[in-house]
Amino acid sequence: MALDQETFSQLTNVIGRFVEERLIPLEAEVSESDQVPAAVVNDMRELGLFGLSIPERYGGLGLSVEEEVRIIFELGHTSPAFRSVFGTNTGIGSQGIVMDGTDEQKRKYLPKLASGEIIGSFALTEPDSGSDAASLRTTAKIDGNEYILNGTKRFITNAPSAGLFTVMARTDPEKKGASGISAFLVEADSPGLKLGPPDKKMGQQGAHVCDVIFEDCRIPADSVIGGVEGQGFKTAMKVLDRGRLTISGMCVGNAERLIRDSLRYAMERKQFGKPIAEFQLVQAMLADCETEVYAARSMVLDAARRKDAGENVTKLAAICKYYCSEMVGRVADRAVQIHGGAGYMAEYGIERFYRDVRVYRLYEGTSQIQQLIIAREMMKEAAL
Ligand code: COS
């Protein structure tokens, strides 16, 4: 643990109250307006949410992975669009710098990411490169003391508000696979960087996604993360290992919220003269949800502790992401079922969560990619 027990439990309580009192009442409004109010974003800055995982010497709270996922469990009790406001700053938009950046890159960007002065965003996916990340085509060609970037990045979370992108691009066209890829820090106002229109999505209104287009975009030569070419794919994979744990934490939090709402509804809603929670078929659905979320929570905490202890958690992060994202999908489906017709109606908010959680099985690697990673790691272990 990075914080002492008492300070951490105070932080958890403060964030828990913020979620209950400030965010939950705004869920429907955020979904309808597709916007998190600026005043809420300010509160998030003041609470230190943008810097949860960024080391203290760069202005963050420096939480361990276990502490961060415990905070994320709390944040998962409300719509995921809220966490998305700062989720890339604490996760995929900052961790490339934290893990592999030079001291100068850390000093230049981490304090601004930690305070929320700028938004960080992670640009890996392209129109023709999703699951097969190593096939990406965006190029970065050295030209004197600059690189020139060309290509398009797709479905980039927080791109519309980003001040800084971590961009994976091919520096060595001779090398088709992962070893030809480098990671760059690209400021949003770099000449030749353009944004596409905001994408319309199935859920998570309030969180914004769009294309990022590089047309002869010029950036300084010292923008390569860590100052070394050819390491960008590995940086991206390490960032995703960590990101997959935090997404798993969101899945657990969202599932806990859905279970809480479903239990309350089942205990109040009467049919055939008694609360529907007294019917065994409804009880079975509640029990399955509770059992699965307990398993999910336990595995996320175990994997987070192992990561904090310095273990390689590539397999465990994939296991968590796979299990937790599928689990919350099942829980959301049962939540709709328990609510009956009300579960299908916007007024109750359950259908909104049902749509919101669907993306967990897709982004930061589909369930099928997680299966592939798990099996590969098993084979590697067996071959040792
Ligand atoms: N940590 C550190 N290094 C890693 C790594 C990890 N988790 N995973 C792979 N690497 C390294 C490998 O060790 C290898 O290095 P060497 O050549 O020195 O041995 C290199 O990276 C290439 O790895 P690999 O051969 O496994 O790459 P593949 O092209 O086979 O692809 C998958 C690997 C499928 C796992 C990868 O493309 C992936 O995760 N795809 C999904 C991408 C994704 O999540 N996209 C979502 C968009 S981001 S929101």
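Residues numbered from 1 in each chain as written. Predicted model: local features only at pLDDT ≥ 70, side-chain atom pairs only at ≥ 80, totals over all residues. Heavy atoms only, no water.

Novice: Just checking my understanding: could you explain the site of the ligand for this structure?
Specialist: Close to the ligand lie 20 residues; Ser-131, Lys-234, Asp-241, Gly-365 and Arg-376 are nearest. Within the backbone of Ser-131, an N or O atom sits 2.8 Å from a nitrogen atom of the ligand. Lys-234 is positioned with one of its side-chain polar atoms (N or O) 2.8 Å from an oxygen atom of the ligand. Burial of the ligand by the protein chains amounts to 67% of its free accessible area of 1000 Å². Breaking the shell around the ligand down by element, the ones donating at least two residues are helix H8 (232–268) and helix H13 (367–383). (Near = heavy atom within 4 Å. Polar contact = N/O pair within 3.5 Å; in protein donor to acceptor, adjacent residues only side chain to side chain. Areas by Shrake-Rupley, 256 points an atom, 1.4 Å probe, with all protein chains shown as cover. Helix = DSSP H or I, 4+ residues; strand = E, 2+ residues; numbered from the N terminus.)

Novice: So what exactly am I meant to see when it comes to the pattern of salt bridges here?
Specialist: For side chains bearing opposite charge, pairing can occur when the charged atoms are close. This model, assessed by the stated rule, comprises 26 salt bridges. Note that Arg-70 and Glu-66 form a salt bridge whose closest N and O atoms lie 3.1 Å from each other. Taken together, the residues Arg-70 and Glu-66, both in helix H4 (residues 65–75) and four residues apart, mark about one turn of the helix. A relative accessible area of 24% means that Arg-70 is categorised as partly exposed. Of the residues examined, Glu-66 reaches a relative accessible area of 9% and is grouped as buried. (Salt bridge = Lys/Arg side-chain N within 4 Å of Asp/Glu carboxyl O. Buried < 20%, exposed > 50% of the residue type's maximum accessible area, 1.4 Å probe, protein only.)

Novice: In this structure, what is going on with unusual backbone geometry? I would like to understand it.
Specialist: Comment: phi is negative for the bulk of residues other than glycine, and the bulk of peptide bonds are trans. With a phi angle near 45°, Asp-216 is a residue other than glycine that sits in the positive phi range. Within the fold, Asp-216 resides in strand S7 (residues 209–220). Assessed through its relative accessible area of 52%, Asp-216 is described here as exposed. Residues other than glycine seldom take positive phi values, yet Phe-272 does so here, at roughly 50°. The class for Phe-272 is exposed, based on a relative accessible area of 78%.

Novice: Sorry, what's going on with H4 here?
Specialist: Residues spaced three or four apart along an α-helix point in a common direction, a consequence of the helix completing one turn every 3.6 residues. In terms of burial, H4 is largely enclosed, as nine of its 11 residues are buried. Three or more residues of H4 are buried, namely Val-65, Glu-66, Glu-67, Glu-68, Val-69, Ile-71, Ile-72, Phe-73 and Leu-75. Of the surrounding secondary structure, the elements contacted by the buried residues of H4 are helix H1 (5–23), helix H5 (80–90), H8 and helix H9 (280–308). (Contact = heavy atoms within 4.5 Å.)

Novice: What am I meant to see in the state of the cysteines here?
Specialist: In protein structure, a disulfide is the covalent linkage between the sulfur atoms of two cysteines. What the rule picks out here adds up to zero disulfides. Cysteine Cys-289 remains unbridged, with the sulfur of Cys-251 as its closest cysteine sulfur at 14 Å. Accessibility expressed as a relative area gives 4% for Cys-289, which makes it buried. Free of any disulfide, Cys-324 has its nearest neighbouring cysteine sulfur in Cys-320, separated by 5.4 Å. (Disulfide = S-S within 2.5 Å.)

Novice: Whenever I open this one, the domain arrangement of the protein confuses me. Can you help?
Specialist: Taken domain by domain, the protein comprises domain 1 (5–115), domain 2 (120–229) and domain 3 (234–383). When each unit is reduced to the centre of its C-alpha atoms, the spacing between domain 2 and domain 3 is 30 Å. Taken together, the nine residues of domain 2 in the interface contact 12 residues of domain 3. For the pairing of domain 2 and domain 3, the buried interface totals around 840 Å² over both sides, and the portion due to carbon and sulfur atoms is 68%. Taken as a group, Phe-122, Met-202 and Gln-204 account for 54% of the area that domain 2 buries against domain 3, more than any other trio of residues on that side. Joining domain 2 to domain 3, the criterion identifies zero salt bridges. (Domains from an automatic or database assignment. Buried area = accessible area lost by both parts, 1.4 Å probe.)

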